[in-house]
Amino acid sequence: MTPARRFGPPLVLVAAALATWEVLARSSGISPFVLPAPTQVVGSLWEFRSEAIRHLVPTIVETVLGFAVSIVAATAIAIGLDRIAWARRAVEPLLVGSQTVPIIAIAPLVVVWFGFGIVPKILVVVVVTFFPITIALLDGFASTPADATELLRSYGASPGQTFLMLRWPSGLPGFFTGLRISATYAVVAAVIAEYVGATDGLGIWMQLSQRSFRTDLVFGAILLTAALSVGLYGLVVALERAAIPWWRTSRGARQPERLSGAA
């Protein structure tokens, strides 16, 4: 698929939405305090660019560190649960239950326990992104073909060799699926943690701008948050293409088969 076909439709949709927003904000008589135009938001971001950068950098650091810790921890635990069946049966319900607690309720407690530094922000990011990576990787391990496993065992492969040669490659597509899902949550988790308690970051900048009745800067911080999320998602997609190019090739080969079967 060419870049124009891949990125053209969403870019056209975003451009149309921004144009509609711009026209509505300028022609409806709505106060800029309530609904600033996109051009006003971008202009305010440029005017306060030094302030935006000052708050943007801490959010990037918190997101990257929290996401990295989450990847390492989720991978290690998923491998352990995959190797020990009874441990998975015991732990998986707890993982699911942990996702029923609203993060907005956890974040203030983490700040109370660990203060206003970077640690609580990293922990909130880990809590939010840990579950999708772990579950997706476990499902990827479970998708390993049983006949291929038996074939390796018949050749005398050890459990460790079977894991490295078969189960780990089989789990990589699920692993990157979990990463893509978590990437969309990581930045938002860091912003929520900052919103609850911080001295720097996009979350606290939103709060300060709101209290100063600068709705344009609130939208600007939201724009930066969205841009960070999209950028992190794009980075994960690029890593996926570099790490498992065979996966997208196989998916592309199966697509015509599904279309012909439907016909």
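Since the structure is predicted, the reported quantities are computational estimates derived from the model, not experimental observations. (Residues numbered from 1 in each chain as written. Predicted model: local features only at pLDDT ≥ 70, side-chain atom pairs only at ≥ 80, totals over all residues. Heavy atoms only, no water.)

Colleague: Kindly report on a nonpolar patch on the surface, identifying the contributing residues and their values.
Modeller: Together, Ile-53, Val-57, Val-61, Leu-65, Leu-109, Val-112, Trp-113, Phe-114, Ile-118, Val-119 and Leu-123 make up an exposed nonpolar region whose accessible area comes to about 1000 Å². Of all the secondary-structure elements, those providing two or more residues to the nonpolar patch are helix H3 (49-83), helix H5 (103-114) and helix H6 (118-142). By the element assignment, Leu-123 lies in helix H6. (Patch = residues over 30% accessible without salt bridge, like charges linked within 9 Å, V, L, I, M, F, W, Y side chains within 5 Å. Areas by Shrake-Rupley, 256 points an atom, 1.4 Å probe, with all protein chains shown as cover. Salt bridge = Lys/Arg side-chain N within 4 Å of Asp/Glu carboxyl O. Helix = DSSP H or I, 4+ residues; strand = E, 2+ residues; numbered from the N terminus.)

Colleague: Could you give me a rundown of unusual backbone geometry, with the residues and numbers involved?
Modeller: A positive phi is found at Phe-213, a non-glycine position, where the angle reads about 60°. Its location among the elements puts Phe-213 in the loop between helix H9 (202-211) and helix H10 (215-243). Since its relative accessible area comes to 58%, Phe-213 is described here as exposed. (Buried < 20%, exposed > 50% of the residue type's maximum accessible area, 1.4 Å probe, protein only.)

Colleague: Give me the lowdown on the side chain of Thr-134, citing residues and values where you can.
Modeller: Structurally, Thr-134 is set in helix H6. By relative accessible area, Thr-134 is classed as buried at 0%. Within the local environment of Thr-134, its side chain forms a polar contact with the backbone oxygen of Phe-130, the two atoms lying 3.0 Å apart. Contact partners of Thr-134, with chain neighbours within four places excluded, come to Ala-74, Ala-78 and Leu-95. (Polar contact = N/O pair within 3.5 Å; in protein donor to acceptor, adjacent residues only side chain to side chain. Contact = heavy atoms within 4.5 Å.)

Colleague: Describe the confidence of the model for the protein, listing the residues and the values that go with them.
Modeller: Scored by pLDDT, the protein has a mean of 84; 92% of the residues are at 70 or more. Averaged pLDDT values over the elements of the protein bottom out at 58 in helix H11 (residues 245-262) and peak at 92 in H3. (pLDDT = per-residue confidence, 0-100.)

Colleague: So what's going on with the environment of Phe-67? Which residues, and what values?
Modeller: Position of Phe-67 among the secondary structure elements: in helix H3. Phe-67 gets classed as buried once you look at its relative accessible area, which sits at 6%. In contact with Phe-67, other than residues within four places in its own chain, are Val-125, Thr-129, Ile-133, Leu-179, Ser-182, Ala-183, Ala-186, Leu-232 and Val-236.

Colleague: Talk me through the pattern of salt bridges; I want residue IDs and the actual numbers.
Modeller: All told, the structure shown has eight salt bridges when counted by the stated rule. The partner of Asp-82 in a salt bridge is Arg-167, with the nearest N and O atoms 2.7 Å apart. Note that Asp-82 is positioned in helix H3 and Arg-167 in helix H8 (residues 159-196), a separation of 85 residues in sequence. Owing to a relative accessible area of 16%, Asp-82 belongs among the buried residues under this scheme. For Asp-139, the salt bridge is made with Arg-88, and the minimal N-O distance between the two is 3.8 Å. With Asp-139 in helix H6 and Arg-88 in helix H4 (residues 85-98), this pair connects stretches of sequence that are 51 residues apart.

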